[in-house]
Amino acid sequence: MTYSGKVDIQQVIDDSPFSRFHWLLIVLGFLVLAIDGFDTAAMGYIAPTLSAEWGIHKQDLGPVLSAALLGLSLGALIAGPVSDRVGRKRVLVFSCLFFGLASLGTAWAQSLNTLTLWRFLTGLGLGAAMPNAITLISEFAPQRCRAMAINTMYCGFPLGAAGGGAISSWLIPHHGWRSVLLTGAIAPLILTLLLALFLPESVKFLVQRGKDVMQVRRIASRFSRSTLESVTRFFLAEEKVTSKKGSVTQLFSMPWLPGTLMLWVTYFMGLVIYYVLLSWMPTLMQGMGYALAESAWLTSLFTFGGTAGILLTGWMMDRWEAHKVVAGGFVLTMGLILLLGMEHNHIALFGGLIFLMGIAMNGAQSGMQTLAATFYPTECRATGIAWMQGIGRFGGVAGTMTSAQLLSMQWQADSILMILSVPALVAAAATVYKMLYSRSQEPGVA
């Protein structure tokens, strides 16, 4: 195919095959999210050894963990608008460099206050990395396989967190807890160089910002088999009318405001469930009568199921109504949570339910990235994804703190687990509302 004259860049992207170029982007994004997952979970792995070495109680590390979560939220909220102004690549490269250097500082911290500061700074960089990686891959992937591309890359986060456990279990006994943080620092610094060399800027961003046609053509020729030499101008025909407002202001203006709020509610509720299960599942399992070793491998089933769920959901969202797939995942999560609370005496059945919940819960939560990426136009897409993640992180804080409070009030483990069905129901309802609202905004719908 030969293009000439004025050409919609989205049409060029959709007509292109899924090539080695796209796989390069997925691999680079996968590595960003894997390092993100590793570093986010790092403090949980090193906390026991750190507490023993410094002679402090584990609860004294609360400010360190809270500082990292606060940094993650603020990093996402700041990075989104900046990315929509200066570009996805610049912010992504800088965020990797920033959290690599901050992790290096964390590794050499000599006091609790210094450790808290460095973890906050690390969180800022981590919070900026994920939404920009997701935005970039969403703007290069053809529409027919966009969800699968995003979710394949997103697998890096849970696999990075899980792999961190295996790496830490070997590093800490041989080289101490600081070696885990050094690993989490060296990896992003190396990745920064790879991103600077091989990662292109988003062509949709370049077109939206009116950049030179030669620059766009040079990048587009890497994934398009069509001839682009006769193209005189690229344009971007967004489905939604573009706005002259700032990217943050645009989220709170019509027609995006209702969808923005529903994305926030859903992501917030999803992370309430995710962080409660991630942080407290072994404790809850022991409260149900399982030994420590049994609790550990039962919890791992949630992670393994999650990876399968992320890939399955991406495949399904490219074939069926994406909102229905995500809402169905949260409804299934609600049902499985109730079953887990009622039936936990047979370990094989219990483990199977946990594995299925990992598929449903992680699949639904990962699908939110695609819902946000396809809802917002290019001019505020990075802000929309980043703010959804930033606001959602507070759901993780709320879930973790609420669970700790319920445990201190002597709540039974099955009761704490079953109450998680409420945020799952709210998440499903908010997703359905957003679907109905989006349909009402389509041309020709009264």
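Residues numbered from 1 in each chain as written. Predicted model: local features only at pLDDT ≥ 70, side-chain atom pairs only at ≥ 80, totals over all residues. Heavy atoms only, no water.

Definition in use: UniProt positions are given in the numbering used here, feature names are shortened, and annotations may be inferred rather than shown by experiment.
As recorded in an unreviewed UniProt entry, the protein goes by the name Aromatic acid/H+ symport family MFS transporter, listed as coming from Enterobacter chinensis. Per UniProt, the comment on the protein under Subcellular location (unreviewed entry) is "Cell membrane".

## Overview of the packing of helix α14 (residues 322–342) against helix α15 (residues 347–375)
Quick reminder of the rule: All axes here are fitted lines through C-alpha atoms, helices being fitted over the stretch that makes contact, and every angle between N-to-C directions spans 0 to 180 degrees. Each helix corresponds to a stretch of at least 4 residues labelled H or I by DSSP, and each strand to a stretch of at least 2 residues labelled E; elements are numbered beginning at the N terminus. Any angle that falls under 35 degrees is termed roughly parallel, while one over 145 is termed roughly antiparallel, one within 65 to 115 roughly perpendicular, and all others oblique. Should the near helix be turned anticlockwise from the far one by less than a right angle, the crossing is termed left-handed; should it be turned clockwise, right-handed. Residue contacts are counted whenever heavy atoms from the two residues lie within 4.5 Å of one another. Amino acids are sorted into nonpolar (Ala, Val, Leu, Ile, Met, Phe, Trp, Tyr, Cys and Pro), charged (Asp, Glu, Lys and Arg) and polar (every other residue, Gly among them).
It is at 8 Å that the axes of α14 and α15 come closest, and there the two elements cross at 150°. Viewed along their axes, α14 and α15 adopt a mutual orientation that is roughly antiparallel. Along this stretch, α14 crosses α15, giving a crossing that reads as left-handed. Residue-level contacts link Ala322, His323, Val326, Gly329, Phe330, Leu332, Thr333, Leu336, Ile337, Leu339 and Leu340 of α14 to Phe350, Leu353, Ile354, Leu356, Met357, Ala360, Met361, Ala364, Gln365, Gly367, Met368 and Leu371 of α15. Tallied by class, the residues present in the contact of α14 with α15 amount to 18 nonpolar, five polar and no charged.

## A closer look at empty space enclosed by the protein
How we decide: Space inside and on the surface of the protein is sampled on a 1 Å grid over the protein atoms alone, with a cavity defined as a set of points where a 1.4 Å probe fits but cannot get out and a pocket as an open set with protein on both sides within 12 Å along at least 5 of 7 lines; lining residues have an atom within 4 Å of a point. Grid points are joined across faces, edges and corners, and a volume is the space filled by probe spheres set on the points.
Scanning the entire structure with this criterion turns up two cavities of 30 Å³ or more. Taken as a whole, the largest cavity spans an internal volume of roughly 140 Å³. As for the largest cavity, its lining consists of Met130, Tyr154, Phe157, Pro158, Tyr267, Leu271, Tyr274, Tyr275, Ile310, Asn362, Gln365 and Arg393. At the level of elements, α7 (156–175), α12 (257–287) and α15 are the ones that each hand at least two residues to the lining of the largest cavity. Its residues placed into classes, the lining of the largest cavity shows nine nonpolar, two polar and one charged.

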